[in-house]
Structures are given as structure tokens and as C-alpha cells.
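# Coordinate inspection notes
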Amino acid sequence: CQAWQGPLSGFDSCRRRILQGGVLDVDKTDFIAMIRFMLLQNRQGKTRLSKWYVPYDDSEKQSIQVECHKVVTQREAKFTNFVEWRTHKLVYRRYAGLFFTLCVDVNDNELGCLEAIHLFVEVLDQYFGNVCELDLVFNFHKVFVILDEYFLAGEVMETSKTQILNRVHEIDLLLGQTKD
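The structure contained in this document is the topic of the report that follows. Values in this document were obtained by computation on a predicted structure and should not be read as measured data. (Residues numbered from 1 in each chain as written. Predicted model: local features only at pLDDT ≥ 70, side-chain atom pairs only at ≥ 80, totals over all residues. Heavy atoms only, no water.)

## Looking at the overall build of the protein
- Across its full length, the protein holds five helices and nine strands.
- Counting every position in the protein, which comprises 180 residues, the buried fraction comes to 38%.
- Put simply, 45% of the contacts in the protein that link residues at least 6 apart link residues at least 24 apart.
- With an accessible surface of roughly 10200 Å², the protein has 52% of that area assigned to carbon and sulfur atoms. (Helix = DSSP H or I, 4+ residues; strand = E, 2+ residues; numbered from the N terminus. Buried < 20%, exposed > 50% of the residue type's maximum accessible area, 1.4 Å probe, protein only. Contact = heavy atoms within 4.5 Å. Areas by Shrake-Rupley, 256 points an atom, 1.4 Å probe, with all protein chains shown as cover.)

Quick look at the structure:
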């Protein structure tokens, strides 16, 4: 069985089971993604953005958000910005009053994840012009577009800030929207 090499190379075709009729059966144990979820939470614990690359029940998502917030906010500043959590690793970074948290596999590169968070914040900052929490709340659909241009199925798709911003501006033009 060979691993599929493409933009979704994080999916291991050896772990997928093709059922009769060509239907893929992908459950939580077979679903391999570098990034399992991304959370943007403020200091009070309100989730401003959540993107899930692995399926979870709604109640499970809620408990994960609460747990992640506790882990991230109660951690002392003298420690690193990554911590083992359950069977995964949380990589987080605080910008002003927001915590950007990625949940990744234990073997993934923490510094690469920190750079991914930083680039995402830089793209947001350049798109919105000094981004703030209210930009994320009132323009969440644009934030999701930026996130989808950056990450695809839990893997980094594009690392060029210019390319991401150009694509987002093209989408804005197609939709007849302009940056507010």
C-alpha cells in the first residue's frame, strides 16, 4: 500500500479502508491530520474561531475548548508554548488578548507550528490592517477564507503571505466584497 503524495499528504491511504462500491470509511482513528483543530480564544475563554480537521461531537468540542483554555491560560509564562495534552500536543501563542492554539500530533515540529500561528496572525494583520478581536468576531467569514487558503485538511497548503492575500483579494472581487 502506498501513501498518497499530494497536497493532502497527511492522509495515509494505507490507513483508509475502501469499502465495496468505492466508499471511503474514515473514522477518528483512521483520520490522520497534522493539525487536529485550531482555536482562537480570548482570556475569558470565549472561543472566537474554531476550525476542526478531525470529527468530534458537539459536546466533545465544547469540553475540548474548555480544557484547552484552562491548560493554555493557567500555564506560567516561563514555560514553553507547547504542552502535551491527552495523546496530542497543544501549541499556542498569545497575541494581545487572544490565544491561538493548534492541536497537533505528538511527533510534529513545535517550532514549525509556532511559525504557522505567527504567519496566520501576520496575514490577518495585513488583511485587516492592525487586526483586533472585533475584526475576528464581525468578519469571521473572511477569517475562515484566510484560514482555508492557508491550511487544507489540517496541513499547511501555502506559506507565502503574498499568495494568500492575493487569493483572498481575488475571492473578495469575485464576491463583490471589498475590505471594510
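## Details of helix α4 (residues 140–150)
- Residues K142, V143, I146, L147, E149 and Y150 constitute the buried set of α4. End-on view of α4: buried residues confined to an arc of 160 degrees, all on one side of the axis. (Arc of directions from axis to C-beta.)

## Brief notes about the nonpolar core
- Formed by 30 residues in total, the largest nonpolar core has its most connected members in M38, F100, F120, L124, I146 and F151.
- Elements that contribute at least two residues to this core include exactly β3 (35–42), β7 (98–105), α2 (110–128), α4 and α5 (161–175).
- With eleven residues, the top contributor of residues to this core is α2.
- Apart from the residues lying within four places of it in its own chain, the contact partners of F151 are I35, M38, Y53, A116, V156 and M157.
- Core analysis: the second largest hydrophobic core is formed by eleven residues, V54, I64, C68 and V83 among them. (Core = buried A, V, L, I, M, F, W, Y, C linked by side-chain atoms within 4.5 Å.)

## A word on the sheet that holds strand β4 (residues 47–52)
- Spatial ordering of the open sheet is given by β4-β3-β7-β6-β5, a layout of five strands whose pairing is antiparallel. Each having just a single partner strand, β4 and β5 (82–85) make up the two edges of the open sheet. In this sheet, adjacent strand axes meet at a mean angle of 20 degrees when their direction is disregarded.
- Relative to β7, strand β6 (residues 88–95) is paired through eight bridges, and the arrangement is antiparallel. Considered in β7, the bridge of Y95 is made with L98. (Pairing = 2+ DSSP bridges. Axes fitted to C-alpha atoms, helices over the stretch in contact; angles between N-to-C directions.)

## Notes on the pattern of salt bridges
- Inspection of the entire model under this criterion finds nine salt bridges.
- A salt bridge links K89 to E110; its shortest N-O distance comes to 2.5 Å. A residue pair is termed long-range when its members are at least 10 positions apart, and K89 in strand β6 and E110 in helix α2 qualify at 21 residues.
- A relative accessible area of 22% means that E110 is categorised as partly exposed.
- What you see here is one network of salt bridges that share partners, running through E149, E158 and R167. (Salt bridge = Lys/Arg side-chain N within 4 Å of Asp/Glu carboxyl O.)

## Things to note about the pairing of β6
- As paired strands, β5 and β6 are joined by four bridges and run antiparallel to one another. Note that in β6 the partner of W85 across the bridge is H88.
- Here β5 folds back onto β6 in antiparallel fashion, the turn holding two residues, of which R86 has a positive phi close to 55 degrees.
- Between β6 and β7, which pair antiparallel and follow one another directly, the connecting turn spans two residues, one of which, A96, has a positive phi of 55 degrees.

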